[in-house]
Amino acid sequence: MREHVPDDQGMILVLLFVVGNALVFGLGGVAGPDIWLAFLTATVMALPMILLMARVRSLMQGAALYSGLEQVFGKWPSRGLALVYALYAWRLSCFVVSDVSNFVQAIALPNTPKVVVASILALLMLWAAKEGVEVLARFAVVMSKVVFAVLLVTFILLLSVANPAEFLPVMYDGAKPVFLGAFQLLDVPFLEVVVLFWVFDCFSSKRSPFKVFVPGFLSAALILLVMTSTSLAVVGADWYSVFYFPIWTAVKRINVLTMRLEAIVGVTFAIGSFLKMAVCLLAASRCVTYAFGFSDYRFVVTPLALAVIPGSQWLITTLMEVEKSAIKTYPTSATIYQVVLPVVFWVVAEIRVAKARHQGKGG
Amino acid sequence: MVGLVILVYAAVAAFELWLWAERPWQKVLLYLVLFAGATTLAVLPVLNPDLKVPEPLGFLEKLLKRLWQKGGSV
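Residues numbered from 1 in each chain as written. Chains lettered and ligands numbered in written order. Predicted model: local features only at pLDDT ≥ 70, side-chain atom pairs only at ≥ 80, totals over all residues.

Asks: Can you walk me through the overall build of chain A in this structure?
Replies: In terms of helices and strands, chain A carries 14 helices and 0 strands. If you list the helices and strands of chain A from N to C, you get α-α-α-α-α-α-α-α-α-α-α-α-α-α. In terms of overall dimensions, chain A has a C-alpha envelope of 70 × 45 × 35 Å along the principal axes. For chain A, the proportion of its 363 residues judged to be buried stands at 51%. Considering only contacts in chain A between residues 6 or more positions apart, those separated by 24 or more positions represent 85%. (Helix = DSSP H or I, 4+ residues; strand = E, 2+ residues; numbered from the N terminus. Buried ≥ 20, exposed ≤ 12 C-beta atoms within 10 Å, placed from the backbone. Contact = placed C-beta atoms within 7 Å.)

Asks: What exactly am I supposed to notice about the overall build of chain B here?
Replies: When helices and strands are tallied, chain B shows 3 helices and 0 strands. In chain B, the succession of helices and strands from N to C terminus is α-α-α. Whereas a compact globule of 74 residues would reach a radius of gyration of roughly 11 Å, chain B reaches 20 Å, over 25% beyond that. By principal-axis analysis of the C-alpha atoms, chain B measures approximately 60 × 30 × 10 Å. Classification of the 74 residues of chain B by burial places 9% in the buried group. (Rg over C-alpha atoms; globule rule 2.2 N^0.38 Å.)

Asks: Is there a simple way to think about the interface of chain B and chain A in this case?
Replies: Accessible area lost when the parts come together is the quantity often used to give the size of an interface. If you look at the interface, chain B gives 18 residues, while chain A gives 19 residues. Secondary structure elements with two or more residues in the side of chain B that touches chain A: α1 (2-19), α2 (25-47) and α3 (58-69) of chain B. Here the residues of the side of chain B that touches chain A are counted per class, giving 14 nonpolar, 1 polar and 3 charged. (Nonpolar A, V, L, I, M, F, W, Y, C, P; charged D, E, K, R; others polar.)

Asks: Even after reading the chapter, I still don't get the packing of helix α4 (residues 75-107) of chain A against helix α12 (residues 301-314) of chain A, so can you show me in this structure?
Replies: To characterise two packed helices, one gives the angle between the axes of the helices and the distance between these axes. Residue and element names in this part refer to chain A. Following both chains from N to C, one finds α4 and α12 inclined at 55 degrees, their axes separated by 8 Å at the closest point. As summarised for this structure, α4 and α12 are arranged oblique, according to the angle between their axes. For the element pair α4 and α12, the recorded crossing hand is right-handed. Residue-level inspection shows W90, S93, C94, V97, S98 and S101 of α4 in contact with α12, the latter providing L304, V308, G311 and S312. (Axes fitted to C-alpha atoms, helices over the stretch in contact; angles between N-to-C directions. Parallel < 35°, antiparallel > 145°, perpendicular 65-115°, else oblique. Left-handed = near helix turned anticlockwise from the far one by under 90°.)

Asks: Quick question: what am I supposed to make of the nonpolar core here?
Replies: Counting 138 residues, the largest nonpolar core has V14, A89, V193 and L281 of chain A as the members making the most contacts within it. Residues within four places of V193 of chain A in sequence aside, it is in contact with V14, F17, V18, I50, F213 and F217 of chain A. (Core = buried A, V, L, I, M, F, W, Y, C linked by C-beta atoms within 7 Å.)

Asks: Even after reading the chapter, I still don't get the environment of P33 of chain A, so can you show me in this structure?
Replies: All names here are of chain A. One can find P33 in the loop between α1 (7-19) and α2 (35-58). When the 23 C-beta atoms within 10 Å are taken as the criterion, P33 is described as buried. Sequence spacing of P33 and S229 is 196 residues, and the spatial spacing of their C-alpha atoms is 8.6 Å. Those residues in contact with P33 that sit more than four places away from it in its chain are E166, F167, L168 and A237.

Asks: How should the packing of α2 of chain A against helix α7 (residues 176-187) of chain A be read in this particular structure?
Replies: All names here are of chain A. The geometry of α2 relative to α7 is characterised by a closest axis approach of 8 Å and an angle of 55 degrees between their N-to-C directions. Here α2 lies oblique to α7, going by the angle between them. Where α2 crosses over α7, the two elements pack in a sense that is right-handed. Residues I35, L37, A38, F39, T41, A42, M45 and A46 of α2 lie in contact with α7, whose contacting residues are V178, F179, G181, A182, L185 and L186.

Asks: Looking at this structure, I do not really get unusual backbone geometry. What am I missing?
Replies: All names here are of chain A. Cis geometry is found at the peptide bond from L168 to P169, where omega equals -5 degrees. Secondary-structure assignment places P169 in the loop between α6 (133-159) and α7. V188 connects to P189 through a cis peptide bond whose omega is 5 degrees. Residue position: P189 is located in the loop between α7 and α8 (208-235). For M171, which is not a glycine, the phi torsion comes out positive at approximately 50 degrees. Of note, M171 is situated in the loop between α6 and α7.

Asks: Would you mind showing me how to read the confidence of the model for chain A here?
Replies: The predicted structure's coordinates, where accompanied by low pLDDT, should not be read in detail. When pLDDT is averaged across chain A, the result is 89; 96% of the residues are at 70 or more. Across chain A, the element-wise mean pLDDT spans from 71 in helix α13 (residues 319-327) of chain A up to 95 in α1 of chain A. (pLDDT = per-residue confidence, 0-100.)

Asks: I would appreciate a short explanation of α7 of chain A in the present structure.
Replies: Residues lying three or four places apart along an α-helix face the same way, a consequence of the helix completing one turn every 3.6 residues. Residues and elements named next belong to chain A. Over its 12 residues, α7 runs 17 Å from end to end, which matches the ideal 16 Å to within 8%, given 1.5 Å per residue. Within α7, 9 of the 12 residues are buried, which leaves it mostly tucked inside the rest of the structure. All buried positions along α7 are accounted for by P177, V178, G181, A182, F183, Q184, L185, L186 and D187. (Expected span 1.5 Å × (residues − 1).)

The structure is reproduced here in structure tokens:
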């Protein structure tokens, strides 16, 4: 059965996927006061990759994902590639579950074992992934209203305690921290969008991948830029990279009618993380079943979700490791999954489609 | 503990298989293989809590670091 996601819903799904669990971490902290420049640099660097993914998808001429892949790359190369990305998507879902379970343990439930939180999250994402991408996209649209409202209120209130002087002096340490910060942001969360390539089954038109990926990514980048920069202006550039959850700390400083408002940031984190882990599980399930030649993916969701529980406890064990994984500067595996393979993918697709067109004209 | 983990995973797999309307052997085989993988993953850290995370691309990272330190010459 073909799963069709309208362009506007797909765009919101991309947006919430990118914002996802990234909102509470000290993203790009290495850039210090130049964090906004790091965000802009990362956005400019990531945009060609996003356009490239949209271009590959549009080369499939409106075909469903897997028939399109077979048209463009052939049967076995596309299956091999699907298996590689299944591993990547599954690993990413483990990371997100680990992020959330560590966050919950650090903030709210210090005596609850992480495996309990991880098991509940795994059950939730299992349910969501079995419902499919259409339901996830509709859920994203509904919940986006809550997320936007919370972020807008938080942003306005943060302005009352923000100090714009924290951004000065601009580029005091030169361009290096800006680029290091930008590379951190490319790995997590900007180019994680590559997972979404495997989630959308079919689009409304040939231009739809561009309408979904580009505005979704740019809006998410803008939201993250605004929220992290404002947090840095509240907690200060030096402290921003010291805290595990700088936005959480910044929101704690808002004092409206003696209320503590940081819990509402937790709401956006919970929604974004849930969506992200469900999308990753869905992508992993779809890739695994396609790699083994099945059209239905739902029957493998349960074992993959149950594998995420130990995976999230094993791949990342402590809060320090969570932070390290969120702010590391571009490891080799990310380069391969997020840059090398998509570029190879695109070059092969362009060559094969051009050849097919040429043969079509010749014949 | 290991026995309990295996039992829980096996029970979930058996229950879900029982719920399936049809059970083509290819699907059942992939399902069981993935479940066995998930169970192994759950059991290994219980048996050895200090188990290292495999790094399939670790050699590439080491090679790049070596090349970087040597200024690009091997």
